[in-house]
Amino acid sequence: MSTTQRTHARTVSVDPCLVDVLRDQTLVVLEVNHHHFEDLRDFGPAAQHAVSVIYRDAFAVLDAIGWSDDPPAEPVAVPLSDGHVEQLHRCRHDLGATNLDRLDLLDATPDPPAELPPEITAARLAAQALDALFSAWGRAGRG
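Residues numbered from 1 in each chain as written. Predicted model: local features only at pLDDT ≥ 70, side-chain atom pairs only at ≥ 80, totals over all residues. Heavy atoms only, no water.

Trainee: Would you explain the packing of aromatic side chains in this entry?
Mentor: Each aromatic ring pair is summarised here by two numbers: the centre-to-centre distance and the angle between the ring planes. Tallied over the entire structure, the rule returns 2 aromatic pairs. On the basis of an interplanar angle of 50 degrees and a centroid distance of 6.0 Å, the ring pair of Tyr-55 and Phe-59 is categorised as tilted. In this pair, Tyr-55 and Phe-59 both sit in helix H3 (residues 45–65), 4 residues apart, roughly one turn of the helix. Among the residues examined, Tyr-55 registers a relative accessible area of 13% and is labelled buried. Its relative accessible area of 35% is what places Phe-59 among the partly exposed residues. Here the basic side chain of Arg-10 rests over the ring of Trp-137, its NZ or CZ set 3.7 Å away from the ring centre. (Phe/Tyr/Trp six-rings, centres within 6.5 Å; stacked < 30°, edge-to-face > 60°. Helix = DSSP H or I, 4+ residues; strand = E, 2+ residues; numbered from the N terminus. Buried < 20%, exposed > 50% of the residue type's maximum accessible area, 1.4 Å probe, protein only. Lys NZ or Arg CZ within 6 Å of the ring centre and 35° of its normal.)

Right, dumping it as structure tokens:
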């Protein structure tokens, strides 16, 4: 955890099979919010702090799970704040919406392939992994 006062952070045990998805989607959170960081000097102190919390939460997750693509052998204790989970919910929504769009395009193809394209399967599996993470996070809040 960072030294700032982050509220509602829960430590969740993340299975090795979910770590790659969490890393990837946390990097997406950083990418999606990069424009806020670029305009940081234009913001007031409250907005600057809000942007810093998004980045701190994401970096706390990345520090906990590791930066390399080597999957851990054991579950990893990861601090997940309310704000980061909210950002991941947006990622989850985007994965679903993108897949629906891809399926619509596939449906409109005169000669669709016999198997789903790998990007559709990858997005579906990532969405399922996030759903499992959200469940674990919810259970951690009841403990």
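Trainee: What's the story with the nonpolar core in this structure? I'm lost.
Mentor: What tends to happen in soluble globular proteins is that the nonpolar side chains get buried as a cluster. Counting 31 residues, the largest nonpolar core has Val-14, Leu-22, Ile-65, Val-78, Leu-80, Leu-130 and Leu-133 as its most contacted members. Breaking this core down by element, the ones donating at least two residues are strand E1 (10–14), helix H1 (16–32), H3, strand E2 (76–80), helix H4 (82–108) and helix H5 (118–142). If you tally residues by element for this core, the top one is H5, at 9 residues. (Core = buried A, V, L, I, M, F, W, Y, C linked by side-chain atoms within 4.5 Å.)

Trainee: Help me understand the confidence of the model for the chain, please; the structure alone is not making it clear to me.
Mentor: When pLDDT is low, close inspection of the predicted coordinates is not appropriate. Overall, the predicted model of the chain reaches an average pLDDT of 90, with 94% of residues at or above 70. Across the chain, E2 holds the top mean pLDDT of 97, while helix H2 (residues 34–38) sits lowest at 84. Counted against residues more than four places away or in other chains, residues 1–5, with its pLDDT under 50, gives 5 contacts. (pLDDT = per-residue confidence, 0-100. Contact = heavy atoms within 4.5 Å.)

Trainee: Just checking my understanding: could you explain H4 for this structure?
Mentor: Taking 1.5 Å as the rise per residue, H4 with 27 residues should run 39 Å; its terminal C-alpha atoms sit 39 Å apart, in good agreement. Regarding H4, the residues found buried are His-84, Val-85, Gln-87, Leu-88, Cys-91, Leu-95, Asn-99 and Leu-106. (Expected span 1.5 Å × (residues − 1).)

Trainee: How should the packing of H1 against H4 be read in this particular structure?
Mentor: Packed helices, taken two at a time, are described by the angle their axes make and the gap between the axes. Interaxial distance between H1 and H4 falls to 10 Å at its minimum, and their mutual angle equals 100 degrees. Judged on the interaxial angle alone, H4 and H1 are roughly perpendicular. Two secondary-structure elements touch here, H1 through Leu-22, Gln-25, Thr-26, Val-28 and Val-29 and H4 through His-84, Gln-87, Leu-88, Cys-91 and Leu-95. Here the contact of H1 with H4 is built from residues that sort into 6 nonpolar, 4 polar and no charged. (Axes fitted to C-alpha atoms, helices over the stretch in contact; angles between N-to-C directions. Parallel < 35°, antiparallel > 145°, perpendicular 65-115°, else oblique. Nonpolar A, V, L, I, M, F, W, Y, C, P; charged D, E, K, R; others polar.)

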